[in-house]
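Chain residues, written in single-letter form:
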Amino acid sequence: MDRLIVFRHVRAIDPSSALDAVIDVVIEKDRIVRLGPDAGAEAAKAEWAQVITAPGAWLLPGLVDLHAHLREPGQEYKEDIRSGLAAAAAGGFTDICAMPNTLPVNDSRMVTEAMLARAHEVGGTRLHPIGAITVGQRGESLTEMGDLREAGAVAVSDDGRCVTNSAVMRRALEYASVFDLPVIQHAEDHALTEGAQMHEGSVSTRLGLRGWPRVAEDIIVSRDLLLAEYTGARYHVAHASTEGTVRLLREAKSRGLRVTAEVTPHHLLLTHEAVGLYDTACKVNPPLREQRDIEALRQGLADGTIDAVATDHAPHATIDKGCEWSEAKPGMIGLELCLPLLLGLVAEGALPLARLVTSLTQAPAGIARLPDKRIREGARADLVLIDPEERWTIDASCLRSKSHNTPFLGRTVKGRVKMTMVAGNVVFESTPRSS
Ligand SMILES: NC(=O)N[C@@H](CC(=O)O)C(=O)O
Ligand SMILES: [Zn+2]
Ligand SMILES: [Zn+2]
């Protein structure tokens, strides 16, 4: 018998279809075939139907992450494609884009194909590789972007490093636009961040650490926006962290530029004060900044200046973090914490729920040119079911990721992913309520 799944009386939320109502949603094989009040009453009677009655639960389109580091090939002790995709599924993600700063760098068709082959073997959440902009991420010669695209890359980026040379960036934008690939920039003027250990401000002064000033990001973003305008290419800002970036993007968008941006949960929630006394879990690039940056980023996300939320899931092992601050690797995990953390912002009234959903579904899907994420008849059944009321405490033992580097351990959050479905296949299902 073909697969038949019936969600009964769930709150289905899909801003792109102007949907927010308590309804039934019926899935046959890989598609949503019916939805509406009591639309599942008949189907639920079928002997082979899997009926999911979850009063109070929310059903959202599957989440899309534009920015994750899966560490395979090369650093599988931190994460691999299997554990990374498992973490993604547990976080409600049906699609994730993997950054190319692997070992070797994903700057060739061969690496892209190998990653996709591995993801295919593993199954579950879909993996979409991002190819490098320059060979070896060295910032010099461009990669064969046509090959990367043909092999399955959805964007190009040298993330972890910034393309600082303006001529290289110009050529990258021109070349990528031939293949309709967005160029994702890690905006950091390396000349201004040499030796930098955290945000340049009162905390870096107190701790005696060299700082990464906001302007190191703003300079690159403003130059890139000029280049994007000049070349007409698609340009995307990774992990926006400053109020300057938000202001520059707002101005660029008001003039009709084809530019987009993402922000991470940690940059929306934490300031440099979280570093405390050298807590390496808070070491991340770009660094945690100040309250006024948080305010600007939240405002930018709420009004659409910032299009998407991305996790920048950056797993590092204990050996990479359990050392002196200056030796510790930057980055924090995010796939499993993103949705619950940001539901907290919604509960506080700092972000409309519809914007949160769009910024995790339709917006990133559009940037990576993935199929629409919709809850409507005929759409592919990429869905996530959440219990918005369940409270739980973030603990290493409940994480699928191989690494546990996050400053949010021990924090109690409200809202939990109960089920993730990729084209009608259940790829994650949580154990029953623990509290
Ligand atoms: N965000 C980080 O601090 N680290 C990322 C690289 C990056 O996103 O710049 C990593 O690969 O570990
Ligand atoms: Zn980066
Ligand atoms: Zn990154």
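In this text the structure is predicted, and so the values were computed from the model without any measurement.

Caption draft 1: Structural view of the coordination of the zinc ion (ligand 2). All of the protein donors around the zinc ion (ligand 2) are Asp 159 (OD), His 186 (ND1) and His 239 (NE2); their distances to the metal are 2.0 to 2.1 Å. Sequence spacing among the residues donating to the zinc ion (ligand 2) works out to D-x26-H-x52-H. In this model, the zinc ion (ligand 2) sits 3.8 Å from the zinc ion (ligand 3), the two metals being bridged by Asp 159. Here Asp 159, found in the loop between strand 9 (156–157) and helix 4 (166–178), pairs with His 186, found in the loop between strand 10 (183–185) and helix 5 (190–193); they are 27 residues apart in sequence, far enough to count as distant. Note on Asp 159: relative accessible area 3%, which makes it buried.

Caption draft 2: Expanded view of the nonpolar core. Ranked by size, the top nonpolar core spans 93 residues in total, and within it Ile 96, Leu 127 and Tyr 235 carry the most contacts. The leading source of residues in this core is helix 12 (residues 338–348), at seven residues. Here this core gathers at least three residues from each of two domains, domain 1 (4–59 + 377–402 + 414–429) and domain 2 (62–367). When neighbours within four sequence positions are excluded, Ile 96 is seen to be in contact with Asp 65, Ala 68, Leu 70, Gly 84, Leu 85, Ala 88, Thr 125, Arg 126, Leu 127, His 128 and Leu 335. With 20 residues, the next largest nonpolar core counts Leu 19, Ile 23, Ala 381 and Met 419 among its residues.

Caption draft 3: Up close: the packing of aromatic side chains. On inspection of all chains with the given rule, the structure shows one aromatic pair. A centroid spacing of 5.2 Å and a plane angle of 75° characterise the contact between Tyr 175 and Phe 179, whose relative ring orientation is edge-to-face. Residue classification places Tyr 175 among the partly exposed residues on the basis of a relative accessible area of 26%. Overall, Phe 179 belongs to the partly exposed group, its relative accessible area being 21%. Above the face of the Trp 58 ring, Arg 11 is positioned so that its terminal group lies 4.8 Å from the ring centre.

Caption draft 4: Local environment of the site of ligand 1. Every one of the 15 residues lining ligand 1 counts as a neighbour, but Arg 71, Asn 101, Asp 159, Asn 285 and Asp 312 are closest to it. Interatomic distance of 2.9 Å between a side-chain N/O atom of Asp 159 and an oxygen atom of ligand 1. Asp 312 has a polar side-chain atom sitting 2.8 Å from a nitrogen atom of ligand 1. Here ligand 1, which alone exposes 310 Å², has 95% of that area covered by the protein. Residues that form the shell around ligand 1 fall into these classes: three nonpolar, nine polar and three charged.

Caption draft 5: Here's a closer look at the sheet that holds strand 14 (residues 259–263). On the basis of which strands lie adjacent, the open sheet formed by five strands has the order 9-10-13-14-15 and parallel pairing. What marks the edges here is a single partner per strand, and that holds for strand 9 and strand 15 (308–309). With three bridges joining them, strand 13 (residues 235–237) and strand 14 adopt parallel strand pairing. Within strand 14, the position partnered with Tyr 235 by the bridge is Val 259.

Caption draft 6: Broad picture of the packing of helix 8 (residues 243–254) against helix 10 (residues 291–303). Interaxial distance between helix 8 and helix 10 falls to 8 Å at its minimum, and their mutual angle equals 30°. By the angle between their directions, the pair helix 8 and helix 10 is classed as roughly parallel. Helix 10 is crossed by helix 8, and the crossing has left-handed handedness. Contacts from Glu 243, Val 246 and Arg 250 of helix 8 reach helix 10 at Arg 292, Asp 293, Ala 296, Leu 297, Gln 299, Gly 300 and Asp 303. In terms of residue class, the contact of helix 8 with helix 10 is made up of three nonpolar, two polar and five charged.

Caption draft 7: Seen up close, the coordination of the zinc ion (ligand 3). Taken together, the protein ligands of the zinc ion (ligand 3) are His 67 (NE2), His 69 (NE2), Asp 159 (OD) and Asp 312 (OD), with distances of 2.0 to 2.3 Å. For the zinc ion (ligand 3), the single-chain donor residues occur in sequence as H-x1-H-x89-D-x152-D.

Procedures and definitions
By convention here, each chain's residues receive numbers from 1 onward along its written sequence. Chain A is the first chain written and ligand 1 is the first ligand written, with later ones labelled in order. Note on the predicted model: pLDDT of at least 70 is required for a residue's local features to be given, and 80 or more for side-chain atom pairs to be given and counted; whole-chain, interface and lining totals, by contrast, use all residues. With hydrogens and water set aside, each side-chain value is computed from the structure's full complement of heavy atoms. Only nitrogen, oxygen and sulfur atoms within 2.8 Å of the metal, or 3.2 Å for Na, K and Ca, are treated as donors, and water is left out, so sites may look incomplete. The secondary structure listing takes helices from DSSP runs of H or I that are at least 4 residues long and strands from runs of E that are at least 2 residues long, numbered from the N terminus. In this scheme, a residue with accessible area under 20% of its type's maximum is buried, one over 50% is exposed, and one in between is partly exposed, where area comes from a 1.4 Å probe on protein chains only. Residues enter a nonpolar core if they are buried and are Ala, Val, Leu, Ile, Met, Phe, Trp, Tyr or Cys, with the set joined through side-chain atoms within 4.5 Å. For the purposes of this description, domain bounds are those given by an automatic or database domain assignment. Residues are treated as being in contact if the distance between any of their heavy atoms lies within 4.5 Å. Only centres within 6.5 Å qualify two rings of Phe, Tyr or Trp (six-membered ring in Trp) as a pair; their planes then separate them into stacked at under 30 degrees, edge-to-face at over 60, and tilted for everything else. Placement of a positive charge over a ring is assigned whenever Lys NZ or Arg CZ falls within 6 Å of the ring centre and within 35 degrees of the normal to the ring plane. Nearness is judged by heavy atoms alone; a residue qualifies as near a molecule or strand once a single heavy atom is within 4 Å of it. Whenever two N or O atoms come within 3.5 Å, that pair is a polar contact, provided that in protein one can donate a hydrogen and the other can accept it, and provided that, for residues adjacent in sequence, both atoms are side-chain atoms. Using a 1.4 Å probe, accessible areas were evaluated by the Shrake-Rupley method; residue-level cover was limited to the displayed protein chains. Only Asp, Glu, Lys and Arg are considered charged in this grouping, and only Ala, Val, Leu, Ile, Met, Phe, Trp, Tyr, Cys and Pro are considered nonpolar; every other residue, Gly among them, is considered polar. Paired strands, as defined in this entry, are two strands with at least two bridges between them according to DSSP. Each axis is a line fitted through C-alpha atoms, and for a helix only the stretch in contact is used; angles between axes span 0 to 180 degrees, taken between their N-to-C directions. If an angle is under 35 degrees, it is roughly parallel; if it is over 145, roughly antiparallel; if it lies from 65 to 115, roughly perpendicular; otherwise it is oblique. In a left-handed crossing the near helix is turned counterclockwise from the far helix by less than a right angle, and in a right-handed crossing that turn is clockwise.

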